[in-house]
Amino acid sequence: MYYLLGEMQTLLPGEYVCLFSTTLPTILPSSFKSEHGKIQYFIKAKVEIPWGVDLKVEKTLSIKTIVNLNNIAEAKKPIKRQVEKFFRCMCCPLTMVLNLPQAGYVPGQNIPVILEVDNASDVDVNNVVIKLQKVIKWKASVPKSKTETNIVDLVELSIGGVRGKDSKTFTQQLSVPVVPVYNLHPCSIMTCDYIVKVIAETGCCLVDVTQEVPVFLGTVPVF
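Before going into details, it helps to say that this report is about the structure given with it.

Rules behind the numbers
Residues numbered from 1 in each chain as written. Predicted model: local features only at pLDDT ≥ 70, side-chain atom pairs only at ≥ 80, totals over all residues. Heavy atoms only, no water. Salt bridge = Lys/Arg side-chain N within 4 Å of Asp/Glu carboxyl O. Helix = DSSP H or I, 4+ residues; strand = E, 2+ residues; numbered from the N terminus. Buried < 20%, exposed > 50% of the residue type's maximum accessible area, 1.4 Å probe, protein only. Contact = heavy atoms within 4.5 Å. 1 Å grid on protein atoms, 1.4 Å probe; cavity = no way out; pocket = protein on both sides within 12 Å on 5 of 7 lines; lining within 4 Å. Points joined across faces, edges and corners; volume = space filled by probe spheres on them. Nonpolar A, V, L, I, M, F, W, Y, C, P; charged D, E, K, R; others polar.

## A look at the pattern of salt bridges
Considering all chains together, one arrives at seven salt bridges under this definition. Between Lys77 and Glu74 there is a salt bridge, and its shortest N-O distance comes to 3.2 Å. By sharing partners, the salt bridges in this structure join Lys131, Asp153 and Glu156 into a single network.

This is the structure:
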């Protein structure tokens, strides 16, 4: 809080300009608005009028946080994740191996995806879908502990199927859309994270096989 004019100052009729500046803390959550919560910043000014009604005004600020992916160790590491699923024949699984060269990307950049699918089962995979998703979570502790989750598909690619007893290697470029990048990590009640998710759709009464890996979106790319 800043006092621009002291209590003993008398303002005669007219217009006055009071200049001031302040330095924002280096760690601030980004401005953020969502279904169950928001992070907002304001500048408020008040003229105190003795024996009268105070004059107040406020202005909303938008805080955009720089997210340098080079400062996030996990963002620079390659990703290799494997999942396998047994169906009717317990000896021959469907195996998927997801490979990414790194975990950190910026809007407008492509995510090179290599997906190895070895379908040793006798179940056909009708379609394989790759998604980039935004996952928002809200956490409450009063009056009781509760977590709400909202998942938004940012990008979705259908890349084809793999018949039983067959295998394929898919090479795709997943284009990160131009979206705002948020850094909510200093906030303890809201998080905004991103994942790459792969779904092998088997249809019928069988459960789809899924694999997901966390990725980071930033404003400064990995170099």
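There is more to say, and it comes next.
## Section: the side chain of Asn119
Along the chain, Asn119 falls in strand E8 (residues 110-119). Among the residues examined, Asn119 registers a relative accessible area of 1% and is labelled buried. Discounting chain neighbours no more than four positions away, the residues touching Asn119 are Pro93, Leu94, Asp124, Val125, Val162, Arg163, Gly164, Lys165, Asp166 and Ser167.

## Section: the layout of surface pockets
Estimated volume of the second largest pocket: approximately 260 Å³. If you trace the second largest pocket, you find 16 residues lining it, with Val67, Ile72, Asn183, His185 and Leu217 closest to the centre. Of all the elements in the fold, those that place two or more residues in the lining of the second largest pocket are strand E12 (190-201) and strand E13 (209-217). For the lining of the second largest pocket, a count of residues per class yields ten nonpolar, five polar and one charged.

## Thoughts on unusual backbone geometry
Residues Val142 and Pro143 are joined by a peptide bond in cis, for which omega reads 0°. Looking at where Pro143 falls in the secondary structure, it is placed in the loop between strand E9 (127-140) and strand E10 (146-158). In this model, Trp51 sits at a positive phi of 60°, which is unusual for a non-glycine residue. We classify Trp51 as exposed; its relative accessible area is 92%. Of note in the backbone geometry, Lys165 takes a positive phi value of approximately 65° without being a glycine. Its location among the elements puts Lys165 in the loop between E10 and strand E11 (166-175).

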